[in-house]
Amino acid sequence: MENPSERPEPSNDMHTLSIEGMTCASCVGRVERGLSALDAVSDVTVNLATETARFKTGSPDALDTAIDTLAKLGYPTRLAKVTMNVQSMTCASCVGRVDRALLAVDGVREVNVNLATETARVTYLDGVTTPAALLSAAKKAGYPATLSQETDTKDHVARKEAEASALARRVLIAAALTLPVFVMEMGGHLIPAFHHAIEMTIGRQTSWIIQFVLTTAVLLGPGRQFYRLGIPALFKGAPDMNSLVAVGTGAAYVYSVIATFLPTLIPADVRAVYFEAAAVIVVLILIGRWLEARAKGRTGAAISKLVGLQPRSARVLKGARMVETDIDSLEVGDRIVIRPGERIAVDGEVTEGTSRVDESMITGEPLAVVKSAGDAVTGGTINTTGSFTFRATRVGADTTLSQIIRMVEEAQGAKLPIQTLVDKITYWFVPAVMGVALLTVLIWLLVGPDPALTYALVAGVSVLIIACPCAMGLATPTSIMVGTGRAAEMGVLFRKGEALQTLGSVRTVAFDKTGTVTEGKPKLTDYLCADGFERDDVLALVASAETRSEHPLACAIIAGARDAGLAIKPVQEFKSVTGHGLRATIEGREILVGTQKLMTRENVDAGLLIETAQGWAQTGRSVIFAAIDGKIAATMAVVDPIKQGSREAIAALHALGINTAMITGDKRETAEAIAQQAGIDHVVAEVLPKGKVAALDDLRAQGPVAFVGDGINDAPALAHADVGVAIGTGTDVAIESADVVLISGQLAGVVNAVDMSRRTMANIKQNLGWAFGYNAALIPVAAGVLFPAFGILLSPVLAAGAMALSSVFVLTNALRLRRATPALADHAQGPAPSAL
């Protein structure tokens, strides 16, 4: 990804922006005045019907200034995203050229080109450009592209398998043609008797002609792609990996052709042919690309597994008939019949029947869950015993499984900050290699021993062939693909690529309490009424008020009232007091429910109830006060037990060298009791959502901080932390605010997320170390730096083999992440987790 400041200047000064948030003529006026006030903006026209703003800019920076101004006014420009399948990319230099070509299109804000998936994700200003313009820009740069459909990523493995099969055929053809060339030339060098046999039978000249014919067939057949792609790129002044191969093999081939057909142009003592070098280089590089294609296919295995969880059809009730319907044709409201052993097609709600459903792919819980009328079911989960009918509530891209797939795809296509340096280096790498090769030839011609021309040719070709920008380009994206895919199989979804790099370096992990460290399913355990109030009357009123609240403690009070057989009363008025409690009017009586702070703020004297409440809080209970008509009525205690496995997860984080903290709005006594049970180091209690953000800033003094939460009130902290980790069983708001999502809801997922982050980053560094180290070490060797001292000059054939193995090494190293095991198994899953 490149910064907006690095984008090329716009090619014209008239722009049309699609704008969000305009609802009336006043909005239009504000947008017009805001844009017209800018120095370099003129001819502003704002259209409410089309929700667009059209204007001229007089300087390269004016468009960015206008966009920032609109955002400050509260009318942000609408962004659109598109994914393109890009053809012909073979190395990191190609990635850079596609990146720059797309960034040059007016309105493009962000480009993320991935060599491993051969895709480009483009974020652009809606209304300024179109997908068609992006495809045209890619094609003009020499990289034809097509728009990715929903199933393109799903077909990644099959597409790479087909490519590998095609490459395998080309390898076989090339090898069959090359073998006679190799035997005739190298056999003669290695076995004197074989050399004499050729001289005495067909003769050297005939042998060279046969080699010429076979090598020409190799270069124009299986090796044609190197010249078809590499030569045009060279003439455009943007050489790539194909250019290096084309120039290297072409030089060996042309020299050999001259030696064969125009021998007088070359001195007799250096007259030789290198047909076998050109042919064998092509074979070895094709073998390398075949292995790359196979390995790239395996990097997308996680997506394939996810897609495999989706059934292709479902039985839909149409009146009294049951119709087999393709899953893509399902609509919200369809009634779908599920039989024993079938996968559930989409998300929905059971309407008839009872069964047990295996939801381990989502929750990690191995025991099947009973489902009956009114219960929610998730697409991709497996029905076990009974049969039931459910109503589809989310279909297509809105289902839980589709969202999970989309999260994994986005994470796999991410470009990490570490990639920025790689991009800068690889941009100049191929031109630099060609310069080194030319310098190598000149030095050998000037100061090399006889036959200097032969040495110069061998060294120059070796330099061109051994350089491997492919390994550099693949080092990061392949590790990301495999690492995030394996993490998804463990139930850890990295929604943002940056989190994959940052999470491994966090110094502190802070947790919300309710629903994160604890079960989030509290129970009413203690109750004490003030004088003059009856227990059942107060509990009925408090429970009735709590029916309007989404807080987990509210569920405990309502359940307690229902267990006591109390009726829920209608609520006339209701107001939530953020972070403190609620106020309601029921049967004409004013009800106040919440913390001790709320009572104090409303001038309600809790009296003798405070001492009892403090005792409860010290044992880990959450305390609630209730007042009726301005007088204290009762205090009650709710117990929310810590989750199974929370203590083990905290201990595992400590073993990784990470500090832990808990930030909660609950009373300090309660929070400290829970923290002590879980083994948490530091407690910040009795804070509002803004207080959680401030607490994170304090913790950040020790280094990067991750925050783990699940509720709506955790969203600000999740967004503010260096890495926000959402419990997948929590609210949609929390998940959307997070960088990482734990599907199972177990804290073991935090440990696994940190561990996979560290493993993936270590893998990336290994790949980059190999890719850069390989080139730094072997390019000088290929140039002949060892020849003066040791008489070693690398053969172009060996250079081709080393180059091919370099890319294969990087891919193979990345694929090791597929064998990564969870650092800590979810308690529910046991020793062999299989979420997803």
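Right above here is the structure, for reference.
Criteria and thresholds
- Residues numbered from 1 in each chain as written.
- Predicted model: local features only at pLDDT ≥ 70, side-chain atom pairs only at ≥ 80, totals over all residues.
- Heavy atoms only, no water.
- Pairing = 2+ DSSP bridges.
- Helix = DSSP H or I, 4+ residues; strand = E, 2+ residues; numbered from the N terminus.
- Axes fitted to C-alpha atoms, helices over the stretch in contact; angles between N-to-C directions.
- Buried < 20%, exposed > 50% of the residue type's maximum accessible area, 1.4 Å probe, protein only.
- Arc of directions from axis to C-beta.
- Contact = heavy atoms within 4.5 Å.
- Salt bridge = Lys/Arg side-chain N within 4 Å of Asp/Glu carboxyl O.
- Core = buried A, V, L, I, M, F, W, Y, C linked by side-chain atoms within 4.5 Å.
- Phe/Tyr/Trp six-rings, centres within 6.5 Å; stacked < 30°, edge-to-face > 60°.

Chemist: Just give me the short version of the sheet that holds strand 25 (residues 659-663), but keep the residues and values in it.
Modeler: The mixed open sheet is built from seven strands, whose spatial order is 17-29-28-27-18-25-26. The open sheet is flanked by strand 17 (492-494) and strand 26 (682-684), the only strands paired with a single partner. Geometrically, the sheet is characterised by an average inter-axis angle of 20° between neighbouring strands, direction not taken into account. Taken together, the three bridges between strand 28 (residues 723-727) and strand 29 (residues 740-742) define a ladder with parallel strand orientation. Bridging from a neighbouring strand, Ala 726 pairs with Val 741 of strand 29.

Chemist: So, helix 22 (residues 609-618): which residues are in play, and what are the values?
Modeler: Residues of helix 22 that are buried include every one of Leu 609, Ala 613, Trp 616 and Ala 617, and no others. Buried residues in helix 22, looked at end-on, bunch into an arc of 100°, giving them a common side. In helix 22, the exposed positions angled more than 90 degrees off the buried face are occupied by Glu 611 and Gln 618. Residues of helix 22 that are buried sit in contact with strand 19 (523-529), strand 23 (622-628), strand 24 (631-639) and helix 24 (668-678). Of the residues trailing helix 22, Gly 620 is marked for its positive phi of about 95°.

Chemist: Which residues make up the pattern of salt bridges, and what values do they have?
Modeler: Applying the stated criterion to the full structure yields 19 salt bridges. For Arg 668, the salt bridge goes to Glu 672, with nearest N and O atoms at 3.0 Å. Highlighted residues: Arg 668 and Glu 672, both in helix 24, separated by four residues, approximately one helical turn. Judged by relative accessible area, Arg 668 falls into the partly exposed class, the value being 33%. Measuring nitrogen to oxygen at the nearest pair gives 2.9 Å for the salt bridge that ties Asp 755 to Arg 759. Residue Asp 755 and its partner Arg 759 are located together in helix 28 (residues 748-783), separated by four residues, close to a single helical turn. A residue is classified by how much of its surface remains accessible, and Asp 755, at 13% relative accessible area, is buried.

Chemist: Tell me what's going on with the pairing of strand 16 (residues 388-394), and back it up with residues and numbers.
Modeler: Looking at chain direction, strand 10 (residues 335-338) and strand 16 are connected through four bridges and run antiparallel. Across the sheet, the residue bridging to Val 337 is Thr 389, located in strand 16. Two elements, strand 11 (residues 347-353) and strand 16, share six bridges in a ladder whose sense is antiparallel. Its bridge partner lying in strand 16, Gly 348 is registered against Ala 392.

Chemist: Describe helix 4 (residues 131-140), and please don't skip the residues or the numbers.
Modeler: Along an α-helix, a turn takes 3.6 residues, which lines up residues three or four apart on a common side. The set of residues buried in helix 4 consists of Leu 134, Ala 137 and Ala 138. The arc enclosing the buried residues of helix 4, seen along the axis, measures out at 100°, which places them on a common side. Seen from the buried face of helix 4, the exposed residues on the opposite side, beyond 90 degrees, are Ala 132, Lys 139 and Lys 140. Check the buried side of helix 4 and you find it contacts strand 4 (79-86), helix 3 (92-103), strand 5 (108-114), strand 6 (119-125) and strand 7 (145-147).

Chemist: Could you give an account of the nonpolar core, naming the residues involved and the relevant values?
Modeler: Counting residues in each nonpolar core, the largest one holds 132 residues, and the members touching the most others are Leu 102 and Phe 511. Per element, the largest residue contribution to this core is 14 residues, and it comes from helix 28. By size, the runner-up hydrophobic cluster in this structure holds 43 residues, among which are Phe 533, Ala 545, Val 577 and Ile 591.

Chemist: Provide a residue-level description of unusual backbone geometry, including the pertinent values.
Modeler: Cis geometry marks the peptide bond from Asp 450 to Pro 451, where omega comes out at -5°. Following the sequence through the fold, Pro 451 ends up in the loop between helix 14 (419-447) and helix 15 (452-466). Not every positive phi belongs to a glycine, and Asp 43 is a case in point at roughly 50°. You can see Asp 43 is positioned in strand 2 (residues 41-47). Phi at Asn 603 takes a positive value of approximately 60°, unusual for a residue other than glycine. We classify Asn 603 as exposed; its relative accessible area is 71%.

Chemist: Tell me about the pairing of strand 6, residues and numbers included.
Modeler: Of all seven residues in strand 6, six are buried; the element is thus mostly enclosed. By the bridge criterion, seven bridges tie strand 4 to strand 6 in an arrangement that is antiparallel. Bridge pairing links Leu 79 to Leu 125 in strand 6. In this sheet, strand 6 lies alongside strand 5 in antiparallel orientation, the contact comprising six bridges. Looking at strand 6, one finds that Asn 112 is bridged to Arg 121. Remark: four residues form the turn of the hairpin made by strand 5 and strand 6, two consecutive strands paired antiparallel; Glu 118 in that turn has positive phi of roughly 55°.

Chemist: Tell me about the packing of aromatic side chains, and please be specific about residues and values.
Modeler: Taken as a whole, this structure holds ten aromatic pairs when the rule is applied. Pairing Phe 212 with Tyr 253 gives two aromatic rings, centres 6.2 Å apart and planes at 20°, and the pair type is stacked. Separated by 41 residues along the polypeptide, Phe 212 in helix 7 (residues 204-220) and Tyr 253 in helix 9 (residues 241-261) bring together distant segments of the chain. Assessed through its relative accessible area of 22%, Phe 212 is described here as partly exposed.

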